Amino acid sequence: MKFIVSSTYLLKQLQVLGGVINSSNTLPILDNFLFELNQSNLTVSASDLETTMSSKVEVESESEGSIALPARLLLDTLKTFPEQPLTFVVEENNTVEISSNHGKYALAYADGSEFPKAVALDNPSTTSLEGDILATAISKTIFAAGNDDLRPVMSGVFFQFSQDNLTFVATDAHKLVKYTREDVSADALAEFIMPKKPLNLLKGILAGSEEHVTIEYNDSNAKFTFNNSELVCRLIDGKYPNYEAVIPKENPNKLVIDRTQFLNSVRRVSIFSNKTTHQIRLKIAGAELNISAEDIDYSNKAEERLSCDYQGDDMQIGFNSRFLTEMINNLNADNVQLEMSLPNRAGILTPIDGLDDGEHVTMLVMPVMLNN
């Protein structure tokens, strides 16, 4: 088995696949990349059993075969080469010899047949959308997903597809984000929960891409196909909580404010908040928003006044500044709207501008009890 490939081209493909590999694996074979050669087509795969990703790489070759090569060693070696052709030759003594312009390097390989096969999806449902739309949907929601192992369903992003739109939801019970696209739809109703790791991989690869992504899914797995790559992952098992029930419908108090100004104020004031509760207080009266925080243990306190556009009753409401900052930070708008009903009901944060046609973002942040 022998093939010739460009060093930088191979490195670029392997760096993407390297994101799948865990730092510590129960099966030693998972520390490897699987190379499957069929003449000038080389398929390279990486897996952690839950997620398997493979890419097709163009090489010069007339041979066939499959071997598993140590991922870390290969990546570290490739990073040091300037652009040049590399020749890989499988030798008799269970090593692969890589020849560059300046030298030869031998690494031990494992048998390719030991590598776990990616799951084949039985009669899946399919939908397709632009890569950039999917990447945006992931980055707008994934930060709100939980990290609680006891509630695995909340540690992923909920995909809800219908003939009218695609909806993506993430929540950790303190904050919730719902992202909807009405300019894309699916053939049939479908719901599944995607784990974070494959989503982070997809987000990194697809950002800014106009490539079309085909998503196939059944009850237990989903497969994303784009460019010359495919990613298959196991879905999170379980029923997603009824998120519509927690979004308050009647919110008579509406605050509209400049996003950057609001974000900077919240960030500054939160430095003076209590280090365990991160509590800040919003006090709204007329066209003035007063943001304050106090850490009684250390006698630290801060207060800022901002002008805003407000319709509703005067009110005081408390929020965890970390959640609020994260949410405002994830909106691309110039102005944002915060809708509230009562100090003990969730606030709804939405962008006023900066959205594409058919794009909707709703963020929900739970209040914290104010101690007067």
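Residues numbered from 1 in each chain as written. Predicted model: local features only at pLDDT ≥ 70, side-chain atom pairs only at ≥ 80, totals over all residues. Heavy atoms only, no water.

> How do you make sense of the packing of aromatic side chains when you look at a structure like this?
What describes a pair of aromatic rings is the distance from one ring centre to the other and the angle between the planes of the rings. In this structure the tally under the stated criterion is 14 aromatic pairs. Both rings, one in Phe3 and one in Phe88, keep their centres 4.7 Å apart while their planes meet at 10°; by these two values the pair is stacked. Of this pair, Phe3 sits in strand β1 (residues 2-6) while Phe88 sits in strand β6 (residues 85-90); the two residues are 85 residues apart in sequence, bridging distant segments of the chain. Per residue, the accessibility class of Phe3 equals that of Phe88, and both read buried. Ring pairs connect the aromatic residues Phe159, Phe161, Phe168, Tyr179, Phe192 and Tyr217, which therefore count as one cluster. (Phe/Tyr/Trp six-rings, centres within 6.5 Å; stacked < 30°, edge-to-face > 60°. Helix = DSSP H or I, 4+ residues; strand = E, 2+ residues; numbered from the N terminus. Buried < 20%, exposed > 50% of the residue type's maximum accessible area, 1.4 Å probe, protein only.)

> Just to check I follow, could you spell out the packing of helix α3 (residues 131-141) against helix α4 (residues 196-206) for this structure?
For any two helices packed against each other, one specifies the inter-axial angle together with the distance between the axes. In the contact formed by α3 and α4, the axes pass within 8 Å of each other and the chain directions differ by 135°. Classed by the angle they form, the pair α3 and α4 counts as oblique. As α3 runs across α4, the sense of the crossing is left-handed. Taking contact as the criterion, the partners of Gly131, Asp132, Leu134, Ala135, Ile138 and Ser139 in α3 are, on α4, Leu199, Leu202, Lys203 and Leu206. When grouped by side-chain class, the residues that make up the contact of α3 with α4 number six nonpolar, two polar and two charged. (Axes fitted to C-alpha atoms, helices over the stretch in contact; angles between N-to-C directions. Parallel < 35°, antiparallel > 145°, perpendicular 65-115°, else oblique. Left-handed = near helix turned anticlockwise from the far one by under 90°. Contact = heavy atoms within 4.5 Å. Nonpolar A, V, L, I, M, F, W, Y, C, P; charged D, E, K, R; others polar.)

> What is the right way to read the environment of Gln39 from this model?
Among the structural elements, Gln39 can be located in the loop between β2 (32-38) and β3 (41-47). Discounting chain neighbours no more than four positions away, the residues touching Gln39 are Val59, Ser61, Glu62, Ser63 and Glu64.

> For this particular structure, what's the right way to read the nonpolar core?
Residues Phe33, Phe35, Phe224 and Phe262 are the most contacted members of the largest nonpolar core, which totals 98 residues. In terms of residue count, the dominant contributor to this core is α3 (five residues). Residues Val169, Leu176, Ala346 and Leu364 belong to the second largest nonpolar core, which totals 13 residues. (Core = buried A, V, L, I, M, F, W, Y, C linked by side-chain atoms within 4.5 Å.)

These figures capture arrangement, not role.
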